[in-house]
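Residue strings, one per chain:
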Amino acid sequence: MRRACNKRRHRSSIASLPKDLLVEVVASVASHSFIDLHNMKLCCRGFLDAAEDKYVCKHVSLDKFPLIQWNPKEKELSFLKRCRESENMESLYREGLREYFSCSNGDGLGSLKNAAQKGHKEAKYVYGMILLCSKDDELRKEGIEHMRFLRKSKCIIRCRKNVKRLIKTMWKNNRMSARNRNPLCQWKSTCKGWAVKKGRWQLLDDEDDDIELCEYCRWDLELRFFYDLFNIH
């Protein structure tokens, strides 16, 4: 009897909250875990209704969804479509990856740029590195700004690892990017930053990334990782 009373009290307390607050609570949970969002929707009608709000779809985490849907279910496709239409950053990033690196026409760059500008760090990494591949000096400068932000945030290596893990099942057929043979650092023979680290710049962790050393050498090295990651020749 006491348990039933507690359940009724719990439902009535949630029902008394304004919808905007419920949406904020559900969106916060959804941004960390899709599984937690699913469980939350089962709790009560209030959470279920709030979960249908576009704001929740915009912020929900897609970590539990593979990049390539091999055997998609209708409900999953419908949910992912709603996320894309809500301009979910992760959805934009994934769409950009699939289209830019699996198609030969370069579609997808706009989605990557959009997600990068909205603050998605992995999208910022991929978009920044694509710009560094360019032969256009102005685009390379823009790429450096994206990478500089990530370097100061000490998350370049983490972003690279996250990208690598996500794209492992993706077929890569990109013809838009090519190796840029012109190094960003023009002082390789005299650059102290490079001389100190040459042969030992393993960068296993973001703490190994010494921000005081030559920035341009750092981007030249990251380009080598990026070329290998996406089979860019």
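Just so it is clear, the model here is predicted, and its values are computed rather than measured. (Residues numbered from 1 in each chain as written. Predicted model: local features only at pLDDT ≥ 70, side-chain atom pairs only at ≥ 80, totals over all residues. Heavy atoms only, no water.)

Draft legend 1. A look at the overall build of the protein. For the protein, the helix and strand inventory stands at 13 helices and zero strands. The order of helices and strands in the protein, counted from the N terminus, is α-α-α-α-α-α-α-α-α-α-α-α-α. Expressed as a percentage of contacts within the protein between residues at least 6 apart in sequence, the contacts between residues at least 24 apart total 68%. When the accessible surface of the protein is summed, it comes to about 13900 Å², and 51% of that surface belongs to carbon and sulfur atoms. (Helix = DSSP H or I, 4+ residues; strand = E, 2+ residues; numbered from the N terminus. Contact = heavy atoms within 4.5 Å. Areas by Shrake-Rupley, 256 points an atom, 1.4 Å probe, with all protein chains shown as cover.)

Draft legend 2. Focus on the pattern of salt bridges. In this structure the tally under the stated criterion is 11 salt bridges. Put simply, Glu52 and Arg82 hold a salt bridge, and the shortest N to O gap is 3.6 Å. Note that Glu52 is positioned in the loop between α4 (45–51) and α5 (54–59) and Arg82 in helix α6 (residues 74–85), a separation of 30 residues in sequence. We classify Glu52 as partly exposed; its relative accessible area is 44%. Among the ionic pairs, Glu95 bridges to Arg84, the shortest N-O distance being 3.5 Å. Here the residue Glu95 occupies a position in helix α7 (residues 89–102), and Arg84 occupies one in helix α6, the gap between them amounting to 11 residues. Linked through salt bridges whose partners overlap, the residues forming this network are Glu145, Arg148 and Glu215. (Salt bridge = Lys/Arg side-chain N within 4 Å of Asp/Glu carboxyl O. Buried < 20%, exposed > 50% of the residue type's maximum accessible area, 1.4 Å probe, protein only.)

Draft legend 3. Structural detail: α6. Its 12 residues place the ends of α6 16 Å apart at the C-alpha level, agreeing with the 16 Å of an ideal helix rising 1.5 Å per residue. Of all the positions in α6, only Phe79, Leu80 and Cys83 are classed as buried. The buried residues of α6 occupy an angular sector of 95 degrees when projected down its axis, which confines them to one face. In α6, the exposed positions angled more than 90 degrees off the buried face are occupied by Glu74 and Glu85. Check the buried side of α6 and you find it contacts α3 (34–41), α5 and α7. Immediately beyond the C-terminal end of α6, within one or two residues, lies Glu87, with a positive phi of roughly 60 degrees. (Expected span 1.5 Å × (residues − 1). Arc of directions from axis to C-beta.)

Draft legend 4. Representation of the nonpolar core in the model. Formed by 37 residues in total, the largest nonpolar core has its most connected members in Tyr93, Leu97, Phe101, Tyr125, Val126, Phe226 and Phe230. Elements with a minimum of two residues in this core: α7, α8 (109–117), α9 (121–132), α10 (137–152), α11 (156–166) and α13 (215–229). Per-element tally for this core: the top contributor is α9, with eight residues. Setting aside its immediate chain neighbours within four residues, Phe230 contacts Leu97, Phe101, Val163, Ile167, Met170 and Lys172. Residues Leu22, Phe47, Ala50 and Cys57 belong to the second largest nonpolar core, which totals 20 residues. (Core = buried A, V, L, I, M, F, W, Y, C linked by side-chain atoms within 4.5 Å.)

Draft legend 5. Spotlight on unusual backbone geometry. Non-glycine residue Lys154 carries a positive phi angle of around 55 degrees. Residue position: Lys154 is located in the loop between α10 and α11. On the basis of relative accessibility, which here comes to 37%, the residue Lys154 falls in the partly exposed class. Backbone geometry places Asn231, a non-glycine residue, at a positive phi of 55 degrees. Looking at the element boundaries, Asn231 is found in the segment after α13.

Draft legend 6. Examining the packing of aromatic side chains more closely. Here the structure, examined in full by the defined rule, presents nine aromatic pairs. Here Phe226 and Phe230 contribute two aromatic rings whose centre-to-centre distance is 5.1 Å and whose plane-to-plane angle is 55 degrees, an arrangement assigned as tilted. Of the two residues examined, Phe226 and Phe230, each falls in the buried class. Grouped by ring-pair contacts, the aromatic residues Tyr100, Phe101, Tyr125, Phe226 and Phe230 constitute a single cluster. (Phe/Tyr/Trp six-rings, centres within 6.5 Å; stacked < 30°, edge-to-face > 60°.)

Draft legend 7. Highlighting the environment of Ser153. Among the secondary structure elements, Ser153 is positioned in the loop between α10 and α11. Take Ser153: its relative accessible area is 31%, and that puts it in the partly exposed class. Separated by 53 residues in the primary sequence, Ser153 and Asp206 place their C-alpha atoms 9.3 Å from one another. There is a polar contact of 2.9 Å between the side chain of Ser153 and the backbone oxygen of Phe149. (Polar contact = N/O pair within 3.5 Å; in protein donor to acceptor, adjacent residues only side chain to side chain.)

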